[in-house]
Amino acid sequence: MIEAVGLTKRYGAKTAVYNLSFQVRPGTVTGFLGPNGSGKSTTMRMILGLDRPTAGHVTIGGHPFRELPNAPRQVGALLDAKAVHGGRSARNHLLSLAQLSGIPASRVDEVLGVVGLQDVAKRRSSGFSLGMGQRLGIAAALLGDPQVLLFDEPVNGLDPEGILWVRNLMKMLASEGRTVFVSSHLMSEMALTAEHLIVIGRGQLLSDMSVRDFIAANSAGFARVRTPQTEPQQREKLTTVLTEAGGRVMSEPDGALRVTGLALPQISDLAHEADVRLWELAPHQASLEEAYMQMTQAAVDYRSTDDQLAGFQQGPQGALPGQLPPGSAPGAPGVPQGPPQLGWYAPPPPQPGQPHPGVRGSVPAPPAPVPADQNPYAQQAPEAAPAAPPAPAPAGPAGPGLTKNDDSTPGSDTPEDAR
Ligand SMILES: Nc1ncnc2c1ncn2[C@@H]1O[C@H](COP(=O)(O)OP(=O)(O)OP(=O)(O)O)[C@@H](O)[C@H]1O
């Protein structure tokens, strides 16, 4: 089991991880999710003893990584698939790692077969595609047949078949009773791979719960309603009627309406009474991806200037910024101010200082409560101006014995391959 307690990492003025506490249990795949720059890699590096926490601690099986006897036999990790000596063949790269840890050469051929690189084992890794590099990194992680495995974005660069393979491999490793911790920024992928999810944003814990509970807690149901496109006044009339009846109405990009707070038969009856024709009335479930986007919205550091979600924050009862919650508009209860808004309906994101309802109760409490003025995120309420982009991260650390060398000829065999 991996256990982090009050884990904090600062790089100068930059706080990459703040007061993070969680457990990763054996026998299941635990997904580690967060937007770009949220602190996933930093957390993994601290777990692996490659970065020293500024505060708090993290252990594997009760010991800090650096105190584990013969750590490569107990813990395997894929952090940066590019951290490979490019002049070496795939087989020789793995052989050198195996020799450092007293692992027999026969195991090298075994893992090459597991990851499907047996036919290119003698080719220089500098000629490998991104996906082949990922497979080589996974092979290195599996080398010591460890009980604990950490994978940082393992599906990066893989084709659909490769993604499916990684998904099945993770599940198989967990079914063997191993602890499998996989980072990703793709909720859709994690929903298919992981049983448990730890979600962070700006280095802080947003959610720690099973995928099943995450779906139950975050997937809001809604009705999709469409009126004839040729008669926009019908759409406006229906919006008013549904809102007055207590529903919440938002616009879908294709012009349909997304309605929550009213049952389908009610919507049908109200439309009938208002003499509005419906071309569509269907129940829908908000996708997990939407719920995740909503949850992490306040914690996104890097955003396109074209992003429709920029500045999107859900206030009380799902209101958008500048939009009063339906039913609270002064003078005209239930009537929305202005046209229906574009957006999603999902539970509001956690507020700084308040644990998200999804945070598992069994997670150990951080060592000591931190006064708000020491919390680097305490000032970053949803309404606050976006944070300045953080300093660019340095190149990822190379694993033990791994160096980068680009002076080789791609794809060619090496003299070492004669071994
Ligand atoms: N060595 C470092 N020095 C300074 N800042 C750093 C360092 N390492 C990471 N950071 C910063 O810490 C924050 C967290 O980075 P980290 O790489 O852990 O995020 P991440 O969630 O893994 O992101 P991604 O999904 O893009 O890989 C970022 O703002 C990053 O710029």
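Scoring rules and cut-offs
Residues numbered from 1 in each chain as written. Predicted model: local features only at pLDDT ≥ 70, side-chain atom pairs only at ≥ 80, totals over all residues. Heavy atoms only, no water. Helix = DSSP H or I, 4+ residues; strand = E, 2+ residues; numbered from the N terminus. Buried < 20%, exposed > 50% of the residue type's maximum accessible area, 1.4 Å probe, protein only. Contact = heavy atoms within 4.5 Å. Areas by Shrake-Rupley, 256 points an atom, 1.4 Å probe, with all protein chains shown as cover. Expected span 1.5 Å × (residues − 1). Axes fitted to C-alpha atoms, helices over the stretch in contact; angles between N-to-C directions. Parallel < 35°, antiparallel > 145°, perpendicular 65-115°, else oblique. Left-handed = near helix turned anticlockwise from the far one by under 90°. Pairing = 2+ DSSP bridges. Core = buried A, V, L, I, M, F, W, Y, C linked by side-chain atoms within 4.5 Å. Nonpolar A, V, L, I, M, F, W, Y, C, P; charged D, E, K, R; others polar. Phe/Tyr/Trp six-rings, centres within 6.5 Å; stacked < 30°, edge-to-face > 60°. Salt bridge = Lys/Arg side-chain N within 4 Å of Asp/Glu carboxyl O.

1. A word on the overall build of the protein chain
Next, step 1: Scanning the protein chain for helices and strands turns up eleven helices and 14 strands.
Next, step 2: Of all 419 residues assigned to the protein chain, the portion counted as buried reaches 49%.
Next, step 3: Counting contacts in the protein chain only where the partners sit at least 6 residues apart, residues at least 24 apart contribute 72% of the total.
Next, step 4: On the protein chain, roughly 19,500 Å² of surface is accessible, and the fraction owed to carbon and sulfur atoms is 54%.

2. A look at helix H9 (residues 232-244)
Next, step 1: For H9, built from 13 residues, the straight-helix expectation of 18 Å at 1.5 Å per residue is met to within 8% by its first-to-last C-alpha distance of 19 Å.
Next, step 2: Among all positions of H9, only Gln234, Leu238, Thr239, Val241, Leu242 and Thr243 are buried.
Next, step 3: Where the residues of H9 are buried, they touch strand E10 (221-226), strand E11 (248-251), strand E12 (257-260) and helix H10 (264-273).
Next, step 4: Of the residues trailing H9, Gly246 is marked for its positive phi of about 105°.

3. As for the environment of Ser106
Next, step 1: Within the secondary structure layout, Ser106 lies in helix H4 (residues 105-115).
Next, step 2: As for Ser106 and Leu95, which are separated by eleven residues in sequence, their C-alpha atoms are 9.4 Å apart.

4. Topic: the packing of helix H3 (residues 90-100) against helix H5 (residues 130-142)
Next, step 1: Close contact between H3 and H5 brings their axes to 10 Å; oriented N to C, the two are set at 25°. In terms of their interaxial angle, H3 and H5 are classed as roughly parallel. For the pair H3 and H5, the sense of crossing is right-handed. Contact with H3, carried on its side by Ala90, His93, Leu94 and Leu97, involves Leu136, Ala139 and Ala140 of H5 and no other residues of that element.

5. Some remarks on the sheet that holds strand E2 (residues 14-24)
Next, step 1: Read across the sheet, three strands follow the order E2-E1-E4 without closing on themselves; strand pairing throughout is antiparallel. Of all the strands in the sheet, the pair left with one neighbour each is E2 and strand E4 (55-60). Strand-to-strand twist of the sheet, defined as the mean angle between neighbouring strand axes without regard to direction, takes the value 20°.
Next, step 2: By the bridge criterion, seven bridges tie strand E1 (residues 2-11) to E2 in an arrangement that is antiparallel. Considered in E2, the bridge of Lys9 is made with Val17.

6. Remarks on the nonpolar core
Across soluble globular proteins, you tend to see nonpolar side chains buried next to one another.
Next, step 1: Counting residues in each nonpolar core, the largest one holds 49 residues, and the members touching the most others are Leu117, Ile138, Phe151, Val180, Leu197 and Phe214.
Next, step 2: Apart from the residues within four sequence positions on either side, Phe151 is in contact with Met44, Leu78, Ile138, Ala141, Met170, Leu173, Val180, Phe181, Val182 and Ser183.
Next, step 3: Membership of the second largest hydrophobic core comes to 24 residues, among which are Ile2, Ala4, Ala16 and Phe32.

7. Thoughts on helix H6 (residues 160-175)
Next, step 1: For H6, with 16 residues, the first-to-last C-alpha span of 23 Å sits near the 22 Å given by 1.5 Å per residue.
Next, step 2: Among all positions in H6, only Gly162, Trp165, Val166, Arg167, Leu169, Met170, Leu173 and Ala174 are buried.
Next, step 3: Residues of H6 that are buried sit in contact with strand E3 (29-33), H4, H5, strand E6 (148-152), strand E7 (179-184) and helix H7 (187-193).
Next, step 4: Where H6 ends, the next residue or the one after it, Gly177, has phi of about 90°, a positive value.

8. A short note on the packing of H4 against H5
Next, step 1: Where H4 contacts H5, the axes come no closer than 9 Å and their chain directions differ by 135°. Classified by the interaxial angle, the pair formed by H4 and H5 is oblique. Handedness of the crossing formed by H4 with H5: right-handed. On H5, the residues touching Arg107, Val111, Val114 and Val115 of H4 are Arg135, Ile138, Ala139 and Leu142.
Next, step 2: Looking at the contact of H4 with H5 residue by residue, the class counts come to six nonpolar, no polar and two charged.

9. Let's talk about the packing of aromatic side chains
Next, step 1: Overall, the coordinates contain three aromatic pairs when judged by the stated rule.
Next, step 2: Plain terms: the ring middles of Phe22 and Phe181 are 5.7 Å apart, the flat faces sit at 35° to each other, and that makes the pair tilted. With Phe22 in strand E2 and Phe181 in strand E7, this residue pair connects regions lying 159 residues apart in the sequence.
Next, step 3: Overall, Phe22 belongs to the buried group, its relative accessible area being 0%.
Next, step 4: For Phe181, a relative accessible area of 0% corresponds to the buried category.

10. Brief notes about the pattern of salt bridges
Side chains that differ in charge, positive against negative, can pair when their charged atoms come close.
Next, step 1: Following the criterion strictly, the structure yields twelve salt bridges and no others.
Next, step 2: Among the salt bridges present, the one from Asp51 reaches Arg45, with a minimum N-O distance of 3.0 Å. For the residue pair Asp51 and Arg45, the accessibility class agrees, reading buried in each case.
Next, step 3: Ionic pairing is found between Arg224 and Asp254, a salt bridge with its closest N-O pair at 2.8 Å. One end of the pair, Arg224, is in strand E10; the other, Asp254, is in the loop between E11 and E12, and 30 residues separate them in sequence.
Next, step 4: On the basis of relative accessibility, which here comes to 12%, the residue Arg224 falls in the buried class.
Next, step 5: Given a relative accessible area of 44%, Asp254 falls into the partly exposed group.
Next, step 6: One network of salt bridges, with partners in common, ties together Arg224, Arg226, Glu252, Asp254, Arg258 and Glu280.

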